[in-house]
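Structural characterization, general
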Amino acid sequence: MSRLVAGALSILALLLATGWAGNGRATTGHQAAAKVPTGGQDWTRFGWDARRSSFFPYATGITAANVAGLQRQQVQLPGAADSSPIYLRGVTIDGSSHDTFFLTTTYGITVAVDAANGAILWRWTPPGYDSWAGSYRITTATPVADPSRAWIYAASPDGRIQKLSVADGHAAWRVSITKLPEREKIAAALNFDRGHVIAATGGYVGDQPPYQGHVAIVDAKTGRLLRVWNSLCSNRHGLIEPASCPSSDSAIWGRAGAVVIPGSGNLLVATGNAPWNGRTDWGDAVLLLPPSAARLIGNYTPANTEELNASDQDLGSTSPVLLTKSLVVQGGKDGKIRLLSLERLTGRAAHRGGELQVVPTPSGGSLFTAPAVWRTRTRTWLFAADNGGTAAWVLRNGRLRQVWRNGNDGTSPVVAGGLLWVYGPGGGLRVYVPGSGRLVTTLDAGGGHWNSPIVVDGRAALPEGDANEHATTGVLDIWR
């Protein structure tokens, strides 16, 4: 039986499926051995891979010919998930094999959802949840899966990262990556590389000081915080009391967080508004760190960095995009997309200006989303969406050439199974032919904010809802 047929039949099972199967505040349970899938693929993190390409290079079972016939199920969640889900195929939960979506709500509840019928298999609630639920204290971080497929790592509004069992949701460890979670927010998606969980901090709406954007490296096995690199007072190592640094802000809050460069494992991050002095303060900058995040090994800021800071035009409203092994793309609140040379960024000396090219965002407005990079045999494509448009560029002779654009809003796009998927936060999941921009269909979906889809194994999944509405209920859409 094909997965699409099985998915259609599973709709009938909804009449029998319970809405809240699971073990509540998961703290104990049997840990199943890791299971390697015999077919299909996992989707283990935001952006599909550690470099955050948002390009899923495998067949999904969904094509331009059948996508309009997908059927939607709306799964009720214990909170809005203003992010994206991840997916593990055929993992053992409660003694049975399940294709499973995992996602974290804005107040830190992490859930495992059966991809076949929408049942909640388990939910984990962070200690202290009742003290911040419904408040401004949120997280919009997408979790990340361990390569063993036995664990996932998730964030919560108390400033902690936790290692959760795939089998039953119990927490193996929890570690704090901030000394002031009331001001320092975990907004960006988590990443994983070389046995390390990689996280970053920013600030809350309104940029209430004091806080500093920083990169945190956590040992995945033990939960020990190995290293912290501070983008303000960068001469100070380890977690700092935010008020002890004379500079504030420099949030690392772009959706993709830390981008891992293949091969070297070096990290790329971008910061928001804050002072920049090219020595210890690195506001509105693209920053290159080694895998350990022990020091700064490259940097870039626009020539008008003071103007960006004064006018609230965060360069780091989006994360860096690794276009090729030598080219980086960086958007911003100022409506510009900058093409940068990775080689020119390298070195401890301050690098100001020197862009290879500057093009406007799809609508000329602020870019808050993570662009996608699609690599074919002959071309490299860049897709981006903002509140006023969606656009595609192709890289030719080291320059971006726009191929198409439209006026449809969008969050972070993904290319999967040869189709371009873009969620409009006003409602609707649009599916395009990536090379031409032709709209294939629009799947019904409610409104949201930064939510973005994943598409795998004959299913598409997308959370609805806006973290800034402070809801303690939400919806996960699953199309089969």
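For clarity, every value in this text was computed on a predicted model and none was experimentally measured.

Here we look at unusual backbone geometry
Omega for the peptide link from Pro 209 to Pro 210 comes to 0°, which places this bond in the cis form. Locating Pro 210 in the fold gives a position in the loop between strand 14 (202-203) and strand 15 (214-219). For Ser 54, which is not glycine, the phi torsion reads 60° and is therefore positive. In this fold, Ser 54 is placed in the loop between helix 1 (3-12) and strand 1 (55-56). Here Asp 457, not a glycine, exhibits a phi torsion of approximately 55°, which is positive. In this fold, Asp 457 is placed in the loop between strand 33 (454-456) and strand 34 (459-464). Overall, Asp 457 belongs to the buried group, its relative accessible area being 9%.

Brief notes about the sheet that holds strand 26 (residues 380-386)
The strands making up a sheet associate through backbone hydrogen bonding, with each pair oriented either parallel or antiparallel. Spatial ordering of the open sheet is given by 25-26-27-28, a layout of 4 strands whose pairing is antiparallel. A single partner strand is all that each edge strand has here, and the edge strands are strand 25 (372-375) and strand 28 (399-406). Taking the axes of each pair of neighbouring strands and ignoring which way they run, one obtains an average angle of 25° across the sheet. Bridge count for strand 25 against strand 26 is 4 bridges, and the pairing is antiparallel.

Thoughts on the state of the cysteines
Across all of its chains, the model carries 1 disulfide by this definition. Disulfide pairing is shown between Cys 233 and Cys 245; the S-S distance is 2.1 Å. Taking the sign of the torsion about the S-S bond as the criterion, the disulfide between Cys 233 and Cys 245, at about 95°, is right-handed. Within this pair, whereas Cys 233 is found in the loop between strand 16 (225-230) and strand 17 (259-260), its partner Cys 245 is found in the loop between strand 16 and strand 17, the two being separated by 12 residues in sequence. Overall, the relative accessible area of 8% leaves Cys 233 in the buried class. By relative accessible area, Cys 245 is classed as buried at 6%.

So, the packing of aromatic side chains
The full count for this structure, using the stated rule, is 18 aromatic pairs. Ring centres of Phe 102 and Trp 122 lie 5.9 Å apart, and the angle between their planes is 45°; on these two criteria the pair is classed as tilted. A residue pair is termed long-range when its members are at least 10 positions apart, and Phe 102 in strand 4 (residues 96-104) and Trp 122 in strand 6 (residues 120-124) qualify at 20 residues. With respect to class, Phe 102 is no different from Trp 122; both count as buried. Ring-pair connections join several aromatic residues into one group, and the members of that group are Trp 374, Trp 381, Phe 383, Trp 404 and Tyr 432.

Some thoughts on the pattern of salt bridges
Scanning the model with the defined rule gives 13 salt bridges in all. Among the salt bridges present, the one from Asp 477 reaches Arg 72, with a minimum N-O distance of 3.4 Å. One end of the pair, Asp 477, is in strand 35 (residues 474-479); the other, Arg 72, is in strand 2 (residues 72-77), with 405 residues separating them in the sequence. Note that Asp 334 is salt-bridged to Arg 338, the shortest N-O span being 2.4 Å. One network of salt bridges, in which partners are shared, links Arg 72, Glu 464 and Asp 477.

A word on the sheet that holds strand 29 (residues 414-416)
Here we have 5 strands laid out as an open sheet, ordered 1-29-30-31-32, and mixed in their pairing. Each edge of the sheet is formed by a strand with only one pairing partner; in this case those strands are strand 1 and strand 32 (439-443).

Description of the pairing of strand 28
In terms of strand pairing, strand 27 (residues 389-396) meets strand 28 through 7 bridges, oriented antiparallel. Note that in strand 28 the partner of Leu 395 across the bridge is Leu 400. Where strand 27 folds back onto strand 28 in an antiparallel hairpin, the turn is made up of 2 residues, including Asn 397, whose phi is positive at roughly 55°.

Comments concerning the environment of Gly 426
Topologically, Gly 426 is positioned in the loop between strand 30 (419-423) and strand 31 (429-432). Under the relative-accessibility criterion, Gly 426 is labelled exposed at 69%. If near-sequence neighbours (up to four positions away) are discounted, Gly 426 is found in contact with Asp 409 and Gly 447.

Observations regarding the nonpolar core
Ranked by internal contacts, the top residues of the largest apolar core, which has 41 residues, are Trp 43, Leu 77, Phe 101, Val 113, Trp 421, Leu 476 and Trp 479. Filtering out sequence-adjacent residues up to four positions away, Phe 101 remains in contact with Ile 86, Tyr 87, Val 111, Ala 112, Val 113, Ala 115, Ile 454, Arg 459, Ala 461 and Ile 478.

Overview of the pairing of strand 35
Judged by how many residues are buried, strand 35 sits mostly within the fold: 6 of 6 residues are covered. Side chains Gly 474, Leu 476 and Ile 478 project from strand 35 onto one buried face, and the interleaved Val 475, Asp 477 and Trp 479 project onto a second face that is buried too. As judged from the 6 bridges shared by strand 2 and strand 35, these two strands associate in the antiparallel manner. Its bridge partner lying in strand 35, Gln 73 is registered against Ile 478. One ladder, built from 5 bridges, connects strand 34 with strand 35; its direction is antiparallel. For Ala 461, the partnering residue across the bridge sits in strand 35 and is Ile 478.

Some words on the confidence of the model for the protein
Scored by pLDDT, the protein has a mean of 92; 92% of the residues are at 70 or more. In the model, residues 1-25 has pLDDT below 50 throughout and makes 43 contacts with residues more than four positions away in sequence or in other chains.

Analysis parameters
Residues numbered from 1 in each chain as written. Predicted model: local features only at pLDDT ≥ 70, side-chain atom pairs only at ≥ 80, totals over all residues. Heavy atoms only, no water. Helix = DSSP H or I, 4+ residues; strand = E, 2+ residues; numbered from the N terminus. Buried < 20%, exposed > 50% of the residue type's maximum accessible area, 1.4 Å probe, protein only. Pairing = 2+ DSSP bridges. Axes fitted to C-alpha atoms, helices over the stretch in contact; angles between N-to-C directions. Disulfide = S-S within 2.5 Å. Phe/Tyr/Trp six-rings, centres within 6.5 Å; stacked < 30°, edge-to-face > 60°. Salt bridge = Lys/Arg side-chain N within 4 Å of Asp/Glu carboxyl O. Contact = heavy atoms within 4.5 Å. Core = buried A, V, L, I, M, F, W, Y, C linked by side-chain atoms within 4.5 Å. pLDDT = per-residue confidence, 0-100.

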